[in-house]
Amino acid sequence: MADSLGGDATGVAFDLLMKAALDVAMGVVSFRSELDPLIATLISIKPLVKDIEKLNELLDYRQERAENL
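The rules behind these values
Residues numbered from 1 in each chain as written. Predicted model: local features only at pLDDT ≥ 70, side-chain atom pairs only at ≥ 80, totals over all residues. Heavy atoms only, no water. Helix = DSSP H or I, 4+ residues; strand = E, 2+ residues; numbered from the N terminus. Expected span 1.5 Å × (residues − 1). Bend = angle between axes of the 7 residues up to and from the residue. Buried < 20%, exposed > 50% of the residue type's maximum accessible area, 1.4 Å probe, protein only. Polar contact = N/O pair within 3.5 Å; in protein donor to acceptor, adjacent residues only side chain to side chain. Salt bridge = Lys/Arg side-chain N within 4 Å of Asp/Glu carboxyl O. pLDDT = per-residue confidence, 0-100. Contact = heavy atoms within 4.5 Å.

Describe in detail helix 2 (residues 29–59), supporting the description with residues and values.
With 31 residues, helix 2 should cover 45 Å at 1.5 Å per step; its first-to-last C-alpha distance of 43 Å lies within 8% of that length. At Leu35, helix 2 shows its largest bend, some 50°, and a proline, Pro37, comes one to four positions later. The complete set of buried residues in helix 2 reads Leu35, Ile39, Leu42, Val49, Glu53 and Asn56.

In structure tokens, the structure reads:
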């Protein structure tokens, strides 16, 4: 159900973004202070992203519906 808005695709994209930010922050010390606020924000919104995924799955919310709006 990758075509759902905020469904599995959103969770995968969010997880990849989080992993990339953490990898860069840990690998390049000079970028760490720049990325710390981004990482903190991602950590704080992760529960909301998970809630959106669950609700969209329950509602079977599809991309076509969002485009119509």
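Account for the side chain of Glu53, with residues named and values stated.
Assignment of secondary structure puts Glu53 in helix 2. A relative accessible area of 12% places Glu53 in the buried class. Engagement of the side chain of Glu53 in a polar contact is seen with the backbone nitrogen of Gly11, the distance being 3.2 Å.

Would you mind going over the pattern of salt bridges in detail, with residue names and values included?
The tally for this structure, following the rule as stated, stands at three salt bridges. For the salt bridge of Lys46 with Asp15, the shortest nitrogen-to-oxygen distance reads 3.7 Å. Note that Lys46 is positioned in helix 2 and Asp15 in helix 1 (residues 8–27), a separation of 31 residues in sequence.

Let's hear about the confidence of the model for the protein chain: which residues, and what values?
A residue-level look at the protein chain finds 75% of positions with pLDDT of 70 or above and a mean pLDDT of 76. Ranking the helices and strands of the protein chain by mean pLDDT puts helix 2 first, with 84, and helix 3 (residues 63–68) last, with 60. Below pLDDT 50 for its whole length, residues 1–6 participates in 19 contacts with residues either more than four positions away or in separate chains.

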